[in-house]
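Structural description and commentary
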Amino acid sequence: MNLFIAALGVLGVASSGPLIAATLGATTVTALAIAFWRNAIAAAIMATPTLVREPRQFGRITPYEFRWSLVAAVALALHFACFITSLQLTSVAAATALVCLQSAWIAIIQLFRGVRHRWQVLVGLGISFGGVVAITGFDLGTSPDALLGDLLAMAGGLLAGIYTLAGGRARQSMTTGTYTALCYGMCAVLVAVLAIFTNQPLSGFDAGGWLGILAITVCAQLVGHTAFNHLLATMSPLLVSMIILLEIPGAALLAAVFLDETLPAGTYAGLALILVGLAVVVAGQWNGKAGRGKPPEERPLAELGAD
């Protein structure tokens, strides 16, 4: 059963990039509309059980919890804005691989905060960013738009890392339902404000556009991330983290099959380097004594991503 759930989770998160690219390319749906509706719908779904069972949970949110939830929501809103826009400029495979660098960005942020990593983590970071150089180098020779898309996807990965670390602070004393409902809800509000300032409509789309938004929300947000959250209760975080990395080749394969996306051999080599490097980073963080005696935000994390 776990194998089936893992496959379902990989398929769910890997479908995010191709579904977004297809929706943006074939309908009038805007990038921020996708970000708004997937967060608004997810917030409503996550809030419902808490409101039914323990409605007072939201009234007990402390200023500390609210502050870090807001930081996470801002980072998540900007993450979606960067990542979804990048899919209009560069390939699905490249955007997905570059945004998945959030584990590497977390390790780098922790380095600047004085956290000591094992040498394997540093080696993995080097391998991963070697893949970044390969992808951006080939895209630089292709078009300036593709390079801009790569940079936006990398920024999206950094913002996803900030979102994860801020969420780790908030989650020290909040339930999953309360935190996700609050964070997703605030993220939806922030995206709506961005949409107003950038004149991107959030409604008025045709049936195909709404179908795309629904498919993205169900496949990536609800099926994909829910599957991995379930697996964390029955499998080691290291193994779950490794399985999640299959999103990179999964997205590339789906884009090749359904969007006819073909890339230079060097770009595929870059994808492989990022995949291997991130696997080394994740494995390096989970040594036998990792996380003991450290605050939650500095412990090795099973990154569920935000795509």
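Just above, that's the structure.
What you are looking at is a predicted structure, and each value in this text was computed from that prediction instead of being measured.

Structural notes on the overall build of the protein chain
Looking only at helices and strands, the protein chain has 13 helices and zero strands in total. Over its C-alpha atoms the protein chain spans a radius of gyration of 18 Å, differing by no more than 12% from the 19 Å that the globule rule assigns to 307 residues. With the C-alpha coordinates of the protein chain rotated into their principal frame, the extents come out at 55 × 50 × 40 Å. In the protein chain, buried positions account for 52% of the 307 residues. Pairs at least 24 residues apart make up 84% of the contacts formed inside the protein chain by residues separated by at least 6 positions. Accessible surface, the protein chain as shown: approximately 13300 Å² in total, 70% of it carbon and sulfur.

As for the side chain of threonine 180
Within the secondary structure, threonine 180 sits in helix H9 (residues 176-198). A distance of 3.3 Å separates the side chain of threonine 180 from the backbone oxygen of glycine 177, its partner in a polar contact.

Thoughts on the side chain of threonine 50
Looking at where threonine 50 falls in the secondary structure, it is placed in helix H3 (residues 31-53). Those residues in contact with threonine 50, other than ones at most four positions away along the chain, are Pro55, Gln57, Phe58, Gly177 and Thr178.

Quick notes on the packing of aromatic side chains
In total, this model carries four aromatic pairs according to the counting rule given. Taking 4.9 Å as the distance between ring centres and 80° as the angle between the ring planes, the aromatic pair formed by phenylalanine 36 and tryptophan 37 counts as edge-to-face. The exposure class assigned to phenylalanine 36 is buried, which follows from its relative accessible area of 17%. Taking the centre distance of 5.4 Å and the plane angle of 75° together, the rings of tryptophan 37 and tryptophan 210 count as edge-to-face. Of this pair, tryptophan 37 sits in helix H3 while tryptophan 210 sits in helix H10 (residues 207-231); the two residues are 173 residues apart in sequence, bridging distant segments of the chain. On the accessibility criterion, tryptophan 37 (25% relative accessible area) is partly exposed. By the ring-pair criterion, three or more aromatic residues cluster together here, those being Phe36, Trp37, Phe205 and Trp210.

Definitions and cut-offs
Residues numbered from 1 in each chain as written. Predicted model: local features only at pLDDT ≥ 70, side-chain atom pairs only at ≥ 80, totals over all residues. Heavy atoms only, no water. Helix = DSSP H or I, 4+ residues; strand = E, 2+ residues; numbered from the N terminus. Rg over C-alpha atoms; globule rule 2.2 N^0.38 Å. Buried < 20%, exposed > 50% of the residue type's maximum accessible area, 1.4 Å probe, protein only. Contact = heavy atoms within 4.5 Å. Areas by Shrake-Rupley, 256 points an atom, 1.4 Å probe, with all protein chains shown as cover. Polar contact = N/O pair within 3.5 Å; in protein donor to acceptor, adjacent residues only side chain to side chain. Phe/Tyr/Trp six-rings, centres within 6.5 Å; stacked < 30°, edge-to-face > 60°.

Keep in mind that these numbers describe shape and distance, not what the molecule does.
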